[in-house]
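Here's the letter readout for the chains.
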Amino acid sequence: MKFDQWSVSAKLWGTLGGLLAMMLAVSLWAQFAAARAMDHGMQTLSEYESRISLAIQWKGATETTGERVLASNASTDEELTRLLDGRVKEGSALITKLQAEIVKGASDADKAALERIAAIRTEVLALNKRAREIKLTGDAAAFREFVQQQYLGAIGRYVDSLEVFVQLQRSQRDAAREQAQAARQQASVLAWIVQGVVLLAGLALALVLTRAITRPLERAVQLTDAIAQGDLTVSADDSRKDEFGHLLRSVSGMAARLRGLVTEVRDSVHSISTASTEIAAGNHNLSSRTEQTASNLEETAASMEQLTATVGQAADTARQANHLAGSAAQAAERGGAVVGLSLIHI
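Everything numeric in this text was worked out from a predicted model, so none of it was measured.

## With respect to the overall build of the protein
Item 1. Per the secondary structure count, the protein includes 5 helices and 0 strands.
Item 2. A total of 346 residues make up the protein; the buried ones form 24% of that total.
Item 3. In the protein, 79% of the contacts between residues at least 6 apart in sequence involve partners at least 24 apart.
Item 4. A total accessible area of about 22900 Å² is found for the protein, and carbon and sulfur atoms account for 61% of it.

## Let's talk about the nonpolar core
Item 1. Within the largest apolar cluster, 30 residues are counted, with the highest numbers of intra-cluster contacts made by Trp58 and Tyr158.
Item 2. The contacts of Trp58, once residues within four sequence positions are left out, are Ile95, Leu98, Gln99, Ile102, Leu114, Ile117, Tyr158 and Leu162.

## Overview of the packing of helix H3 (residues 108–137) against helix H4 (residues 140–228)
Item 1. As a packed pair, H3 and H4 sit with axes 10 Å apart at the nearest point and diverge in direction by 160 degrees. By the angle between their axes, H3 is roughly antiparallel relative to H4. Both H3 and H4 take part in a crossing whose hand is left-handed.
Item 2. Split by residue class, the contact of H3 with H4 holds 19 nonpolar, 5 polar and 6 charged.

## With respect to the side chain of Asn73
Item 1. By the secondary structure assignment, Asn73 is in helix H1 (residues 8–74).
Item 2. Residue classification places Asn73 among the buried positions, given a relative accessible area of 6%.
Item 3. In this structure, Asn73 is in contact with Asn128, Ala131, Arg132, Lys135 and Phe143, ignoring residues within four places of it in sequence.

## Quick notes on the packing of helix H2 (residues 78–104) against H3
Item 1. Two elements in contact, H2 and H3, have axes separated by 12 Å at closest approach and are oriented at 170 degrees. Taken together, H2 and H3 sit at an angle that is classed as roughly antiparallel. Between H2 and H3 lies a crossing of left-handed hand. The residues of H3 that touch H2, namely those facing Thr81, Asp85, Ser92, Ile95, Thr96, Gln99, Ile102 and Val103, are Leu114, Ala118, Arg121, Leu125, Arg132 and Lys135.
Item 2. Along the lines of polarity and charge, the residues of the contact of H2 with H3 split into 6 nonpolar, 4 polar and 4 charged.

## Comments concerning H2
Item 1. With 27 residues, H2 extends 39 Å between its outermost C-alpha atoms, agreeing within 8% with the 39 Å of an ideal straight helix rising 1.5 Å per residue.
Item 2. When we look at burial in H2, the residues that qualify are Thr81, Leu84, Val88, Gly91, Ile95, Leu98, Gln99 and Ile102.
Item 3. By the N-cap criterion, in which a side-chain oxygen at the helix start approaches the backbone nitrogen of a residue two or three places on, H2 is capped by Asp77, the distance to Glu79 being 3.1 Å.

## Some words on H3
Item 1. Taking 1.5 Å of rise per residue, 30 residues should cover 44 Å, and H3 covers 44 Å from first to last C-alpha, within 8% of that figure.
Item 2. Every buried residue of H3 is accounted for by Asp110, Ala113, Leu114, Ile117, Ile120, Arg121, Val124, Leu127, Asn128, Ala131 and Ile134.
Item 3. Gly138 sits one or two residues past H3 and shows a positive phi near 80 degrees.

Each value, and the rule that gives it
- Residues numbered from 1 in each chain as written.
- Predicted model: local features only at pLDDT ≥ 70, side-chain atom pairs only at ≥ 80, totals over all residues.
- Heavy atoms only, no water.
- Helix = DSSP H or I, 4+ residues; strand = E, 2+ residues; numbered from the N terminus.
- Buried < 20%, exposed > 50% of the residue type's maximum accessible area, 1.4 Å probe, protein only.
- Contact = heavy atoms within 4.5 Å.
- Areas by Shrake-Rupley, 256 points an atom, 1.4 Å probe, with all protein chains shown as cover.
- Core = buried A, V, L, I, M, F, W, Y, C linked by side-chain atoms within 4.5 Å.
- Axes fitted to C-alpha atoms, helices over the stretch in contact; angles between N-to-C directions.
- Parallel < 35°, antiparallel > 145°, perpendicular 65-115°, else oblique.
- Left-handed = near helix turned anticlockwise from the far one by under 90°.
- Nonpolar A, V, L, I, M, F, W, Y, C, P; charged D, E, K, R; others polar.
- Expected span 1.5 Å × (residues − 1).
- Polar contact = N/O pair within 3.5 Å; in protein donor to acceptor, adjacent residues only side chain to side chain.

Right, here's the structure in full:
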């Protein structure tokens, strides 16, 4: 689905929700990366600290056991010898246990040092047996010479090798601490980079959203300005399905309806103008006829006046005729009476 087909609310909510989702994802990822780096660093440091502690215990147990071996072999008290021998066995068992725990989590760099320590320990264990054998001979001078020339040197190398191993673990611990700090810094830098990418993506989304809103509005403003200036030929063919597409189509439809209305008004004005011309011509004709009628009426009025005078004269003549007829009737009556009298006399 195209972005232009989304409604304005969907665009706004989609952009805002997308930015919030990306910010949340980046935040969670940064926290996860930092926590993972921290956990890994702490676990590594804890392992080194544990090996250092075990190595120090191993060193201390070696020194103590060596001293007990010397004391046991130098003592002439059988009870004390048995007690010290028991403590030597306990110390040797503890050393074996510590060695096994250290070897279990040893790295490649540790294995070479541990092999050297194991070789020296094997030498010391052999010297322990040799010391007991010399004691059993009862030759104190030979035992003293053995201790000074062989046993103390072997114990010293044994303890020194353990000290070298401790220093190796400490150096590895410090390196692991630096690596953990570097990993945290790297995770922080990467988080900032990702946040920058999210920011750029947000700006891009904002630009797309702004263009998706401002472009149709500018088009709508152009259409309305053109309509306001009297240009009704404008139109907007837009396939957008959002509110702006509806607005543009409505403005285009309004311009079309106004254009049709203006056409109808122009046609009506033309018809009215034609009718007005015809009415004016009819009025002129009517005016001419009215003038003619008025002239005819004036002539008729003059004729009526003449007729009235003639009728008056005819009435006077009629009255005179009536009078004359009356006089003639009276004369006729008198003539009839005379004729009657004449007949009587005959």
